[in-house]
Amino acid sequence: MIDIFTTGGTIDKVYFDALSEYQIGATALPDILSENNVFVAHRVTQLMRKDSLELTAADRAAIHDAVAASDADKILVTHGTDTMVKTARVLSDIAGKTIVITGAMQPATLRNSDAEFNVGFALAAAQTLPPGVYIAMNGEVFDPATTQKDRSAHRFIRVQD
């Protein structure tokens, strides 16, 4: 069983034409999983609908508590890319679980989104990596302790001490 917790972020943004802007809507995860014939046992829980820049310490504590309380030892968290490293670091004290955090640079509703690939890649990572906390983005797995988002390059990079 893989527990999937969604928090919002770009992956769940939808375009509201009347407002001429994107807002975070209902999670796209059930549709992504269904449309891609994902049959691995899983359950999806939408924890919140927030841009990651709006997440508070209390929100991160709620994510931590949900992951820690889960009876699953394989966890996937979808999250906005701007602060997913910060949240991953908050989860680092949870032992005995493989926790993979992923997101998207473009909303899942867009044709050229990386959302479907990232979710599939993260699901595979959650099933194969040893216990620990990881960031899985665009075909790479990162250690949150040595990772940051490179906004100008639209990707995650490893940083040196």
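Now for a description of the structure that goes with this document. (Residues numbered from 1 in each chain as written. Predicted model: local features only at pLDDT ≥ 70, side-chain atom pairs only at ≥ 80, totals over all residues. Heavy atoms only, no water.)

1. So, the nonpolar core
And step 1. Ranked by size, the top nonpolar core spans 22 residues in total, and within it Val67, Ile75, Leu91, Ile99, Ile101, Ile135 and Phe156 carry the most contacts.
And step 2. Looking at this core, the elements that each hand over two or more residues are helix H2 (57-69), strand E5 (74-78), helix H3 (84-90), strand E6 (98-102) and strand E7 (132-137).
And step 3. Not counting the four nearest positions on each side in its chain, isoleucine 135 is found in contact with Met84, Val85, Ala88, Ile101, Glu140, Val141, Phe142 and Pro144.
And step 4. Judged by nonpolar contacts, the second largest core, of 19 residues, contains Ile11, Leu33, Leu76 and Ala125. (Core = buried A, V, L, I, M, F, W, Y, C linked by side-chain atoms within 4.5 Å. Buried < 20%, exposed > 50% of the residue type's maximum accessible area, 1.4 Å probe, protein only. Helix = DSSP H or I, 4+ residues; strand = E, 2+ residues; numbered from the N terminus. Contact = heavy atoms within 4.5 Å.)

2. Considering the sheet that holds E7
And step 1. Taken together, 6 strands build an open sheet; the order of strands is E4-E1-E5-E6-E7-E8 and the sheet is mixed. Pairing within the sheet leaves two strands with one partner each, and these edge strands are strand E4 (42-50) and strand E8 (140-142). The average angle at which neighbouring strand axes cross in this sheet is 25 degrees, direction not considered.
And step 2. Both strand E1 (residues 2-8) and E5 contribute to a ladder of 5 bridges, which runs parallel. By the bridge assignment, isoleucine 4 is partnered in E5 with leucine 76.
And step 3. The strands touched by H2 within the sheet are E1, E4, E5 and E6, with E4 carrying the most contacts at an inclination of about 170 degrees.
And step 4. Of the strands in this sheet, E1, E5, E6, E7 and E8 are in contact with helix H4 (residues 115-128), which crosses E6 at around 170 degrees. (Pairing = 2+ DSSP bridges. Axes fitted to C-alpha atoms, helices over the stretch in contact; angles between N-to-C directions.)

3. What to know about the pairing of E6
And step 1. Counting buried residues along E6, 5 of its 5 residues qualify, which places the element largely inside the surrounding structure.
And step 2. Burial along E6 is two-sided: the face carrying Thr98, Val100 and Thr102 and the face carrying Ile99 and Ile101 are both buried.
And step 3. Of the strand pairs in this sheet, E5 and E6 are connected by 5 bridges, and their pairing is parallel. Looking at E6, one finds that threonine 78 is bridged to threonine 102.
And step 4. Note on the crossover from E5 through H3 to E6: the handedness is right-handed.
And step 5. At this point the chain moves from E6, through H4, to the parallel E7, and the crossover so formed is left-handed. (Right-handed = clockwise from strand over helix to strand, strands pointing away.)

4. Details of unusual backbone geometry
And step 1. Even without being glycine, asparagine 138 reaches a positive phi, approximately 50 degrees.
And step 2. Along the chain, the position of asparagine 138 falls in the loop between E7 and E8.
And step 3. Positive phi, close to 60 degrees, is recorded for histidine 154, a residue that is not glycine.
And step 4. Locating histidine 154 in the fold gives a position in the loop between strand E9 (147-150) and strand E10 (155-158).

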